[in-house]
Amino acid sequence: MKKKPETNTELSEPAVAYGALNQTSLLGLLGSNYAVSTDFDLLNLARKGVSKKALVSLVKQISLTIQEVASIMHISERTLQRYTPATLIKTEHAEKAIELARLYQRGTEVFGTLDNFNDWMKTPNYTLNGETPLNLLDTSIGFELILQTLGRIEYGVFS
């Protein structure tokens, strides 16, 4: 009697195509307490909130000041300072922190090092109406413009 061939039910395609991104460097930016392996993990993290300790870790690694991050997150600097390290920052602010970490992860991929990306973020850019990319981070549209510009740079389009 012939054996029925075994069927493999696992996908062999790259996980990236389905949103399972490599979040290893993002983990480093947010701190080692977060187990993030998919975009849904990021979604749950944003809903749960990010601790102030993780936010401070992110701020130090990407070389921004608390004032700059407070402005990006639309939260007063004083309120941010009042939080204890274990305090979970609310969803809308946590989402901005995650968005910032993802942007810096992407920028590091494009520019090779975090220092190179930081320099670019603080330099006026012609394609961004002469503004520094850092000044655009106060809105999600600004984040999107920066990500689009990074994509053009990656593929060698004038940016």
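In this text, all values refer to a predicted model and were calculated from it rather than measured experimentally.

### Section: the overall build of the protein chain
Then, in step 1: Along its length, the protein chain carries eight helices and two strands.
Then, in step 2: Ordering the α and β elements of the protein chain from the N terminus gives α-α-β-α-α-α-β-α-α-α.
Then, in step 3: For the protein chain, with 159 residues in total, the buried portion stands at 35%.
Then, in step 4: For the protein chain, restricting intrachain contacts to residue pairs at least 6 apart in sequence, the fraction spanning at least 24 positions comes to 57%.
Then, in step 5: When the accessible surface of the protein chain is split by element, carbon and sulfur atoms take 55% of a total near 9900 Å².

### What to know about the pattern of salt bridges
Then, in step 1: A complete count under the given rule lists three salt bridges for this structure.
Then, in step 2: A salt bridge links D39 to R102; the shortest N-O distance between them is 3.6 Å. Remark: R102 occurs in helix α6 (residues 91–111) and D39 occurs in helix α2 (residues 39–48); sequence separation between them is 63 residues.
Then, in step 3: R106 is paired through a salt bridge with E154; the nearest N and O atoms lie 2.4 Å apart. With R106 in helix α6 and E154 in helix α8 (residues 140–154), this pair connects stretches of sequence that are 48 residues apart.
Then, in step 4: In this structure E154 comes out as partly exposed when scored by relative accessible area, which is 41%.

### Points about the packing of α2 against α6
Helix packing for two helices is described by the angle between their axes and how far apart those axes are.
Then, in step 1: Interhelical geometry of α2 versus α6 gives an angle of 140° and a closest axis separation of 7 Å. Here α2 is positioned oblique relative to α6, judged by the angle of their axes. Note on element contacts: α6 touches α2 through T91, A94, E95, I98 and R102, opposite D39, L42, L45, A46 and R47.
Then, in step 2: Split by residue class, the contact of α2 with α6 holds five nonpolar, one polar and four charged.

What counts and how
Residues numbered from 1 in each chain as written. Predicted model: local features only at pLDDT ≥ 70, side-chain atom pairs only at ≥ 80, totals over all residues. Heavy atoms only, no water. Helix = DSSP H or I, 4+ residues; strand = E, 2+ residues; numbered from the N terminus. Buried < 20%, exposed > 50% of the residue type's maximum accessible area, 1.4 Å probe, protein only. Contact = heavy atoms within 4.5 Å. Areas by Shrake-Rupley, 256 points an atom, 1.4 Å probe, with all protein chains shown as cover. Salt bridge = Lys/Arg side-chain N within 4 Å of Asp/Glu carboxyl O. Axes fitted to C-alpha atoms, helices over the stretch in contact; angles between N-to-C directions. Parallel < 35°, antiparallel > 145°, perpendicular 65-115°, else oblique. Nonpolar A, V, L, I, M, F, W, Y, C, P; charged D, E, K, R; others polar.

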